[in-house]
Amino acid sequence: MYRHICPVLLLCLATCAAASDRAAKLVKRQHKAKDSVIHFSNQDFEEFAVGKGRDYHLVFFLNANYLAGNAKMNLPKLKQEFGLAAKAFRRGPDANKVFFVELVYERSKDVFQRLGVTQLPYIFNWGPDATAKEGRGIKLSKSVECGPDITTYPWPAEDLIRCVSSSSGKAAGEVDRPSIVKNPLFPIGLLAFICVGGYTAWVVYNSPIVRITWLWALGALAVFWFATSGGMYNIIRGMPLYYTGPNGKLVWWMEVSGGVCSFAGLDTKLSAHIVYLDSMSSIPVSWPSKNEELTSTSLPALVVVGYQWQASCTDSPMPVIGHL
């Protein structure tokens, strides 16, 4: 009887030793990572995820370098939130039971194919009970996914922690978001900024440039023109000032229907401003002095009518580059 029990006991001890050895390696790699996120390759996935006898959870973040510039997906920001969640678990009571891992498509195409992942971003929890055969496909249940039920995007670290904790039963620490206010030198920097800024403001206020009225008038005209020309409209919609054309060159102004350049909208708006302001500036000079009362009552109406006219001089907005 003891002859059959001993081999089984030795096998269990060897499995536990191998599992603890893998966990120790993960802890070492976690400490080396600046954001506490471990980078896996195909070989690492086979060693730490497929092997049996695991007593830890692996939270995978599937990423792709060629999608890093996609503004809508905003994968760099999501990776930052993923790193904050990893640091929170590292400070928690189950620090050595949950490890956050990143798989990059360019370096782990085989794993992506086995998982059957075709859309990014994709975050899931790979628990100790998860099994996979070497070289075989892996089916993931919806219960281990993190993200689809989160309404805010990029998915905040707090929501990722709640998702991982619910599927793994492990607890994390507080999310420590970096802030300049937490820097011990912040009070000194703030005091220096107030002193230097106040002195600079006093010098500028007493300088001759403040007394140049025509310079301020040009500045006000430029701001007014930009705010009503479509530039502010583009900023609100988040459209870039340029885009990359099919030939790889930067294009600043996009051609719209009829071969008309979209800069025509700004050009027409500027011309309307010049004509309108020139007309309004000539009214006080050319208006007869005996009609001063009429001037005081009709001038505001002319200002409103003139502004409406120049605002309607162009119907073409700035280029909608976001739809390319």
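The structure presented is a predicted model; accordingly, all values stated were derived computationally and were not measured.

Calculation rules
Residues numbered from 1 in each chain as written. Predicted model: local features only at pLDDT ≥ 70, side-chain atom pairs only at ≥ 80, totals over all residues. Heavy atoms only, no water. Buried < 20%, exposed > 50% of the residue type's maximum accessible area, 1.4 Å probe, protein only. Helix = DSSP H or I, 4+ residues; strand = E, 2+ residues; numbered from the N terminus. Pairing = 2+ DSSP bridges. Disulfide = S-S within 2.5 Å. Axes fitted to C-alpha atoms, helices over the stretch in contact; angles between N-to-C directions. Parallel < 35°, antiparallel > 145°, perpendicular 65-115°, else oblique. Left-handed = near helix turned anticlockwise from the far one by under 90°. Contact = heavy atoms within 4.5 Å. Nonpolar A, V, L, I, M, F, W, Y, C, P; charged D, E, K, R; others polar. pLDDT = per-residue confidence, 0-100.

Before going further, it helps to spend a moment on the pairing of strand β3 (residues 98–104). Most of β3 is tucked away: seven of the seven residues are buried. Covered by surrounding structure in β3 are Val98, Phe100, Glu102 and Val104 together with Phe99, Val101 and Leu103, the residues of both alternating faces. Relative to β3, strand β1 (residues 37–40) runs parallel, the two being bridged by four bridges. If you follow His39 over to β3, its bridge partner there is Glu102. Direction of pairing for strand β2 (residues 57–63) relative to β3: parallel, over a ladder of seven bridges. Bridging across to β3, Val59 finds its partner in Phe100.

This part covers the state of the cysteines. Inspection of the entire model under this criterion finds one disulfide. Between the sulfur atoms of Cys146 and its disulfide mate Cys163 the distance is 2.3 Å. Taking the torsion about the S-S bond as the criterion, the Cys146 to Cys163 disulfide, at about -95 degrees, is left-handed. Taken as a pair, Cys146 in strand β5 (residues 145–146) and Cys163 in helix α5 (residues 157–168) lie far apart in primary sequence, 17 residues in all. Its relative accessible area of 2% is what places Cys146 among the buried residues.

Our next topic: the packing of helix α3 (residues 75–91) against α5. With their axes 8 Å apart at the nearest point, α3 and α5 run at an angle of 55 degrees to one another. Accordingly, the angle class assigned to the pair α3 and α5 is oblique. Our pair here, α3 against α5, has a crossing hand that is right-handed. Touching Glu81, Phe82, Leu84, Ala85, Ala88 and Phe89 of α3 are Ala157, Leu160, Ile161, Val164 and Ser165, all from α5. When grouped by side-chain class, the residues that make up the contact of α3 with α5 number nine nonpolar, one polar and one charged.

Attention now moves to the confidence of the model for the protein. The predicted model of the protein has a mean per-residue pLDDT of 75, with 66% of residues at 70 or higher. Scored below 50 in pLDDT, residues 4–17 makes two contacts in the model with residues more than four places away or belonging to other chains. In this model, residues 256–264 is a region of pLDDT below 50 whose contacts with residues beyond four sequence positions or in other chains number 10 contacts.

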